[in-house]
Amino acid sequence: MNKVIERLFISPKLMLGYFGVLIFMAGEGLEQNWLSPFLQQHGLTAHQASAIFTVYGLMVAISSWLSGVLAEIFGVRKVMTIGLVLFFVGSFLFLVFGIPTYNFSVILPTYAVRGLAYPLFAYGFLVSVAYEAPRERLGGAVGMFWLVYAGGISVLGTGYSNIMLYYFHMENLHLLWTALIFVAVGAVIALSLSGKKSAQNNYPEDDETHSLKHLLKGLTIVYEKPKVGIGGLVRMINTSAAYGFSVFMPTFLFGMGYAENAWLEVAVYLWMGNVVFNLIFGAASDKLGWRNVVMWFGCIGCALSVMAYTYCISIHADLFTIKICAAVYGALLAAFVPLSAIMPNLAPENKGAAMSILNFGAGMSYFFGYAIVMLFQGIIGNFGVMYIYIGLYFVAAALMIFVKVQQYKNETIDQEVGVAIEETL
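Residues numbered from 1 in each chain as written. Predicted model: local features only at pLDDT ≥ 70, side-chain atom pairs only at ≥ 80, totals over all residues. Heavy atoms only, no water.

Caption draft 1: The packing of helix α11 (residues 226–238) against helix α17 (residues 351–400), seen in detail. Relative to each other, α11 and α17 sit at 40 degrees, their axes nearing to 3 Å. With respect to α17, the element α11 is oriented oblique. For the contact of α11 with α17, the class distribution of residues is 18 nonpolar, 5 polar and 1 charged. (Axes fitted to C-alpha atoms, helices over the stretch in contact; angles between N-to-C directions. Helix = DSSP H or I, 4+ residues; strand = E, 2+ residues; numbered from the N terminus. Parallel < 35°, antiparallel > 145°, perpendicular 65-115°, else oblique. Nonpolar A, V, L, I, M, F, W, Y, C, P; charged D, E, K, R; others polar.)

Caption draft 2: Main features of the packing of helix α14 (residues 290–314) against α17. Orientation of α14 relative to α17, taken along the N-to-C sense of each, is 165 degrees, at an axis distance of 9 Å. For the element pair α14 / α17, the angle class is roughly antiparallel. In this structure, α14 meets α17 at a crossing whose hand is left-handed. Within the contact of α14 with α17, the residues separate by chemical class into 19 nonpolar, 2 polar and 1 charged. (Left-handed = near helix turned anticlockwise from the far one by under 90°.)

Caption draft 3: Geometry of unusual backbone geometry. Phi at His169 takes a positive value of approximately 55 degrees, unusual for a residue other than glycine. Within the element layout of this structure, His169 appears in the loop between α8 (138–166) and α9 (172–190). Under the relative-accessibility criterion, His169 is labelled exposed at 62%. Positive phi is not limited to glycine here, since His316 has a value of about 55 degrees. In this fold, His316 is placed in the loop between α14 and α15 (319–333). (Buried < 20%, exposed > 50% of the residue type's maximum accessible area, 1.4 Å probe, protein only.)

Caption draft 4: View of the packing of aromatic side chains. Counted under the stated rule, the structure contains 36 aromatic pairs. Consider the rings of Phe145 and Trp146, whose centres lie 4.9 Å apart with planes at 80 degrees: the pair is edge-to-face. Using a relative accessible area of 0% as the deciding quantity, one classes Phe145 as buried. Its end group placed over the ring of Trp146, Arg235 keeps NZ or CZ at 4.9 Å from the ring centre. (Phe/Tyr/Trp six-rings, centres within 6.5 Å; stacked < 30°, edge-to-face > 60°. Lys NZ or Arg CZ within 6 Å of the ring centre and 35° of its normal.)

The following block contains the structure:
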């Protein structure tokens, strides 16, 4: 049994963390794909709904940046606990004072508080993965993280919402309250990690000067290591389209003649494809090369698959065909997983700071994806927004040309090739 655990999860400690993140993110993702149309049905405009998600995304981005350096300074468990507390505080404010009023000025700040919560919990744990996993298995280890992350937020959460809303006819507000159960259970499992600290602390907790310098390192590393900044930009582009879809796609598909819950079903296919291939691309990248997988399968693959998805909608293809296109897109999104292995190896002496930039890119992906909808939907329409996302994936491919990193497996291969050439000569 121990050998099976080590093969799949590196260690029992990480196995508990993975499982806890899966359950936690299921609670976090309950409303992701239906909250926007729900708010519009109760008097808010499409622009106001987009603004709510955009501000939420900004809070996610800020918290995501803080998660890496704070986890390295104070330890993963403390940072994850702070994330848990913020989720309960934000949920209480949102569900008691925000949703019942359907008042934009109340919903905006209360939902924003929730945006600070999950990055500290989930991305804080990702820092632990970066430290715990051996370098030669890091691609597979981060692939497992993104598997449970996407599996929770977008498969379990979305699937559960679809069943409860459209088959059991649960009220939306009651459904949102059940998210607290998922989050509490997931947190109990993940926070049972053995030991007081799940990531290495480079500085003593009582040394405020060093702690402040290390916090600032989460910003200055972009100038010291420009490739880290480029990697953060690529991560920002990575899921921006997928998150942006959740804002306008429900009403877009409904307006095109599809069923009211069509997007929820499509989203499940999208993220199921992503979940399956997170682990596959993570493990494959250890052999094919982290950068190669991100550039060709991730950037180029996502651009082409979003093209196909857009074309199917434009010709009013049947829903099953659209689901297949979405599943392919979701699978290729998983090819960005090796970024979580690339980033800490771009700055091996400051892994926490590098992971902060990666996490910031992940958080900005929410903000960026939502902001594109808010800024351009009214000007160039839904199809125009989708073409922007396609163009961004090609931009990401160009950026990856400059992100070169030494990889354990590739180094070994290069040495073997070099020996073979010398022997031939």
